[in-house]
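Remarks on the overall topology
Below are the chains, spelled out letter by letter.
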Amino acid sequence: MNRNRQGPTHRHTRRTVRLLLAGAALAAACVDVGPADPPRDPDLVARYGLQPMPAMIHPADNPPNAERIALGKLIFFDPIQSGGRDVACATCHIPRLGFADGRDLPAGPSGVGLGPERVLTDPDIPFEGRHSPTIINAGFNRFGAQQTADGFLFWDGRKRRLENLVTLPQLEFSEMRGKHYPVEVALDTVLARLRAIPEYETRFRSAFPERAADVLAGRRASAIDSLSLAMALAQFVRSVTSTNSPYDRFVAGDANALTQQQRRGLVLFHEKAGCVQCHPSPLFSDYSFHIVGAKQLGPGFQGAAHEDYGRFIATRLEQDRYRFRPPSLRNVALTAPYMHSGGYATLRDVVAFFNRGGGDLPQVPRDRIEVRPLGLSEAEIDALVAFLAALTDPPGIEPPERVPSGLTVPR
């Protein structure tokens, strides 16, 4: 009787020991899986003060208007704005590529094809000097701690407010203008082309009724001018938003919106990796300027060969040499390659760059680099990349079937 009772008990004990040993072996094999499990979801939201996306700030003189947005979209996808009628805004900001172009450096006038496959056919036209960033959420901006429509734009912050940016590509030789006319008449030429198309004139009058009234009263010849063009384009760009990523749903209370690995990445983002210093949520950029020493591909922008002076080009202050404006990280998983020169092919390459402390451009003195080595393990890098992927929410905007010029719509 006693032996019969003890036998099964000993067998269960041995099996329990084997299971414990197996569990210990598995735990030992998984030491580098990543940081410890993060706290419960509400604790993470409270710990880091995570907030939902704010409402967009619009300029008082250009509030949202459905007709202007629709008009801006047509112009955005219409190559009529370029010298050779072969480059639209959407050539470098392609919806299926996260409203970027998938290239290190953009290819403009004389180009054939789109995205990474685009090639220039005119040897006298160079590639653009800087990587083409996404326009998703470009309408969100800050100046210091204040959210505003008048924050700095471009990699070097040389313009403020979208209305002051959207009619500059038409002037640039390697961006849209090409060899077809001098810069002094570039914008006037584009305006004349638009005015010559009855559908555009009709749409501008509908979107800008005060200009239509002036036309009817004989005070102006057309509703199309540089300001109404800029206002329509800027309104469309502001409409390209992304505010419902898995991260946003997590912040709103959906505990299942992020995987366990992504939650580990969120903790790393705010703590060990310190990404939050330049990319604070919910906009995921501080819209300031920083020196990290990213490597340079191509000629740079108004700098020496294979060297880009960044913010210095706009301010001419020595302290701003090599400073660049950090982009928002929202939808960053869609917009490879990365950094101002497009010199990093994958998100993992970017994280590895920061993990080793930046400084891939030898011209930048080490004591000016604003990044320290992070000491992330391979598993922690994986978790951080996984978290960045949780910021993805494509806007779902498709190219129009046609544009009033009748030219080919970039797709």
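Note that the coordinates shown come from a computational prediction; the quantities given were computed from them, not determined experimentally. (Residues numbered from 1 in each chain as written. Predicted model: local features only at pLDDT ≥ 70, side-chain atom pairs only at ≥ 80, totals over all residues. Heavy atoms only, no water.)

1. Considering empty space enclosed by the protein
Any space left empty among the atoms is revealed by the rolling of a water-sized probe across them. Under the defined criterion, the tally for this structure stands at 2 cavities of 30 Å³ or more. Here the largest cavity is characterised by a volume of approximately 50 Å³. Forming the boundary of the largest cavity are G293, A294, Q296, D308, Y322, F324, H340, L361 and V364. Each residue belonging to the lining of the largest cavity can be placed in one class, and the counts come to 5 nonpolar, 3 polar and 1 charged. What the second largest cavity holds in volume is close to 40 Å³. Lining the second largest cavity are A138, G139, N141, A149, L153, R161, L162 and R238. (1 Å grid on protein atoms, 1.4 Å probe; cavity = no way out; pocket = protein on both sides within 12 Å on 5 of 7 lines; lining within 4 Å. Points joined across faces, edges and corners; volume = space filled by probe spheres on them. Nonpolar A, V, L, I, M, F, W, Y, C, P; charged D, E, K, R; others polar.)

2. Regarding helix α8 (residues 209-216)
Here α8 has its buried residues at R211, A212, D214 and V215. End-on, the buried residues of α8 take up no more than an arc of 160 degrees, which puts them together on one face. Lining the buried residues of α8 we find α7 (198-207) and α9 (226-239). (Buried < 20%, exposed > 50% of the residue type's maximum accessible area, 1.4 Å probe, protein only. Helix = DSSP H or I, 4+ residues; strand = E, 2+ residues; numbered from the N terminus. Arc of directions from axis to C-beta. Contact = heavy atoms within 4.5 Å.)

3. What about the pattern of salt bridges?
In this structure the tally under the stated criterion is 26 salt bridges. A salt bridge links D156 to R130; its shortest N-O distance comes to 2.9 Å. Residue D156 is found in the loop between β5 (152-153) and β6 (159-160), and its partner R130 is found in the loop between β2 (119-120) and β3 (142-143); the two are separated by 26 residues along the sequence. R220 is the salt-bridge partner of D225, the closest N and O atoms lying 3.0 Å from each other. Accessibility expressed as a relative area gives 27% for R220, which makes it partly exposed. (Salt bridge = Lys/Arg side-chain N within 4 Å of Asp/Glu carboxyl O.)

4. A look at the packing of aromatic side chains
Per the stated rule, a full pass over the model turns up 15 aromatic pairs. Summarising the aromatic geometry, the rings of F204 and F208 are spaced 6.0 Å apart at their centres and angled 15 degrees between planes, so their arrangement reads as stacked. For the ring pair Y247 and F387, a centre distance of 5.9 Å and an interplane angle of 80 degrees mean the geometry is edge-to-face. Taken as a pair, Y247 in helix α10 (residues 246-251) and F387 in helix α14 (residues 378-389) lie far apart in primary sequence, 140 residues in all. Each member of the aromatic cluster is reached from another via a ring pair, and the members are Y247, F269, F284 and F387. One Lys or Arg, R160, reaches over the ring of F152 and ends 4.9 Å from the middle of that ring. Sitting over the face of the ring of Y309, R321 holds its NZ or CZ atom 4.5 Å from the ring centroid. (Phe/Tyr/Trp six-rings, centres within 6.5 Å; stacked < 30°, edge-to-face > 60°. Lys NZ or Arg CZ within 6 Å of the ring centre and 35° of its normal.)

5. Comments concerning the nonpolar core
Grouped together as the largest cluster of nonpolar side chains are 47 residues, with contacts concentrated most on F269 and L388. Contributing elements (two or more residues each) for this core: α2 (41-47), α10, α11 (260-270), α12 (312-315), α13 (347-355) and α14. Per-element tally for this core: the top contributor is α14, with 5 residues. Dropping the residues within four chain positions of it, F269 is found in contact with G274, C275, V276, H279, F284, L329, L384, F387 and L388. Listed in part, the 40 residues of the second largest apolar core include A186, V190, L194 and V240. (Core = buried A, V, L, I, M, F, W, Y, C linked by side-chain atoms within 4.5 Å.)

6. Concerning the side chain of H93
Looking at the element boundaries, H93 is found in the loop between α4 (89-92) and β1 (111-112). Polar side-chain contacts of H93 include one of 3.1 Å to the backbone oxygen of P133. If we skip the residues at most four places from it in the chain, H93 touches F76, F99, A100, S132, P133 and I135. (Polar contact = N/O pair within 3.5 Å; in protein donor to acceptor, adjacent residues only side chain to side chain.)

7. Quick notes on helix α6 (residues 186-195)
Considered for burial, the residues of α6 that qualify are A186, L187, V190, L191, R193 and L194. For α6, the angular spread of the buried residues around the axis is 160 degrees, confining them to a single face. Those residues of α6 that are buried are in contact with α5 (173-177), α7 and α9.

8. Description of the confidence of the model for the protein
Per-chain confidence: the protein averages 90 in pLDDT, with 89% of residues scoring 70 or above. Confidence drops under a pLDDT of 50 for residues 1-34, and excluding neighbours within four residues, the segment shows 6 contacts in the predicted structure. (pLDDT = per-residue confidence, 0-100.)

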